[in-house]
Amino acid sequence: MPQEAIEQFDLAICGASYYGDNNWFVPSPRLSFNCQTELQSIIANKITLQYMANIHKQASRCLHEVTNEMRIHQLMLDNGHSSSGATKLLRRAVDRLKPGVFSSSHKCPIFPFTYPTPDVSLLRLQRDVKRHLIFMAVMDLFRQGYGGYLGKFNWTLGRLMEETAVKFHNMLIKHTVSRYEKYTKRGITIIGPDLVSWRQSGVLQEVGELRDASCGISIFVKPDYYYKMEYSKDDADETYDCEMFHAYDSDENVVSEWMPYSKLEEAEEVRCDLCFEAQVNVARWLDDNLSDSIGLTDAEIRDKYEMDRPGGGNGMIGDSE
């Protein structure tokens, strides 16, 4: 029935209906006629609000505490760093990610990279911290009793569960929270979501892959400056409390055995190994040809090459031989 469909809308104001003649239905008239609305009491809204509150809280945590929880320092020791060296490098890296890992993209390296391996490795650290915080926010959802509503996601233990959590985060941002923002930009005040705080903490952004953040350079550069690419079963067991997960979800899709890192990461690592010489050549070319463009925006780089190039062409890199 139409009314049943209307009751599933996410915003109450969207339920304004016309039934012919002078028969109108306006939900909460005082709010609606003042361009204000409450969220409908549907499970999608409840999960979204709770998750966004969770991830906002996670994003506000001390990053030193988070990296300690992730055992990053130990992973750096396993990668050959000395104890004092690992401490200094990690402290310096965390300082670059402040004030918040979701809102600090402007402080992270941008292409072209001066030092490809350390720069791409820092982007990898930023991505891994984001993924960990998202994972913890999703685990909070299970603790809060929402596990039964998340059954359509193939939650598995280990690294793949972290990847699924990121997909869940991106889905909420793209399909639900973006609608809140859309109506807010149209002048509607939505009672409930704290969009201002969420936006300030940076959690309204989708979390992409390392190859996107590094402009594809991670295919050629092995980002293992801080810690190794490999992710062992022991790492997964020590990082995540498997019993805690089972205690809050009994979905049949849960797989109890650990699953390896994604095939995409494995394939990318193979390409990295095969492209060592290309890595050196790319780094040398960047240093020789674009060292004076570091820090410029895309528009500024285009303008620079437009002015520097003699003759015709559209000024884009690669037009001339």
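Basis of the calculations
Residues numbered from 1 in each chain as written. Predicted model: local features only at pLDDT ≥ 70, side-chain atom pairs only at ≥ 80, totals over all residues. Heavy atoms only, no water. Helix = DSSP H or I, 4+ residues; strand = E, 2+ residues; numbered from the N terminus. Buried < 20%, exposed > 50% of the residue type's maximum accessible area, 1.4 Å probe, protein only. Contact = heavy atoms within 4.5 Å. Areas by Shrake-Rupley, 256 points an atom, 1.4 Å probe, with all protein chains shown as cover. Phe/Tyr/Trp six-rings, centres within 6.5 Å; stacked < 30°, edge-to-face > 60°. Lys NZ or Arg CZ within 6 Å of the ring centre and 35° of its normal. Axes fitted to C-alpha atoms, helices over the stretch in contact; angles between N-to-C directions. Parallel < 35°, antiparallel > 145°, perpendicular 65-115°, else oblique. Left-handed = near helix turned anticlockwise from the far one by under 90°. Salt bridge = Lys/Arg side-chain N within 4 Å of Asp/Glu carboxyl O. Nonpolar A, V, L, I, M, F, W, Y, C, P; charged D, E, K, R; others polar.

A. Examining the overall build of the protein chain more closely. Summing up its helical and strand segments, the protein chain has 15 helices and 4 strands in all. The buried share of the protein chain, reckoned over its 321 residues, is 44%. For the protein chain, the share of sequence-separated contacts (at least 6 apart) that also reach a separation of at least 24 residues comes to 72%. Taken as a whole, the protein chain presents about 17500 Å² of accessible surface, with 52% of it coming from carbon and sulfur.

B. Structural detail: the packing of aromatic side chains. If you walk through the whole model with that rule in mind, you get 4 aromatic pairs. Their ring planes at 85° and their centres at 5.4 Å tell us that Tyr 51 and Phe 168 sit as a pair that is edge-to-face. Here Tyr 51, found in helix 3 (residues 43-59), pairs with Phe 168, found in helix 8 (residues 159-185); they are 117 residues apart in sequence, far enough to count as distant. Residues Tyr 51 and Phe 168 agree in their burial class; the two are buried. Seen in terms of ring centroids, Tyr 225 and Tyr 226 are 5.1 Å apart; in terms of plane orientation they differ by 75°. Their pairing is edge-to-face. Taking relative accessible area as the criterion, Tyr 225 reaches 30% and is therefore assigned partly exposed. Its relative accessible area of 8% is what places Tyr 226 among the buried residues. Over the ring of Tyr 183 we find Arg 186, and its NZ or CZ is 5.4 Å from the ring centre.

C. Looking closely at the packing of helix 3 against helix 7 (residues 116-143). Viewed as axis vectors pointing N to C, helix 3 and helix 7 meet at an angle of 135°, and their least axial separation amounts to 9 Å. Our classification of the angle between helix 3 and helix 7 gives oblique. The two elements helix 3 and helix 7 meet at a crossing, and its hand is right-handed. For the pair helix 3 and helix 7, the contacting residues are Ile 47, Gln 50, Tyr 51, Asn 54, Ile 55, Gln 58 and Ala 59 in the first and Leu 133, Ile 134, Met 136, Ala 137, Val 138, Asp 140 and Leu 141 in the second.

D. Quick peek at the pattern of salt bridges. All chains considered together, the criterion is met by 10 salt bridges. Two residues, Glu 69 and Arg 61, come together in a salt bridge whose shortest N-O distance is 3.1 Å. The shortest N-O distance in the salt bridge between Asp 140 and Arg 143 comes to 2.4 Å. Taken as a pair, Asp 140 and Arg 143 lie in helix 7 at a separation of 3 residues, close to a single helical turn. For Asp 140, a relative accessible area of 16% corresponds to the buried category. Residues participating in the shared-partner salt-bridge network are Arg 61, Glu 65 and Glu 69.

E. Just the packing of helix 6 (residues 83-97) against helix 7, in detail. At a minimum axis distance of 11 Å, the contact between helix 6 and helix 7 shows a crossing angle of 70°. Comparing the axis directions of helix 6 and helix 7 gives the class roughly perpendicular. Crossing of helix 6 over helix 7 shows right-handed handedness. Taking contact as the criterion, the partners of Ala 93, Arg 96 and Leu 97 in helix 6 are, on helix 7, Leu 122, Leu 125 and Gln 126. Residues of the contact of helix 6 with helix 7, tallied by class, amount to 4 nonpolar, 1 polar and 1 charged.

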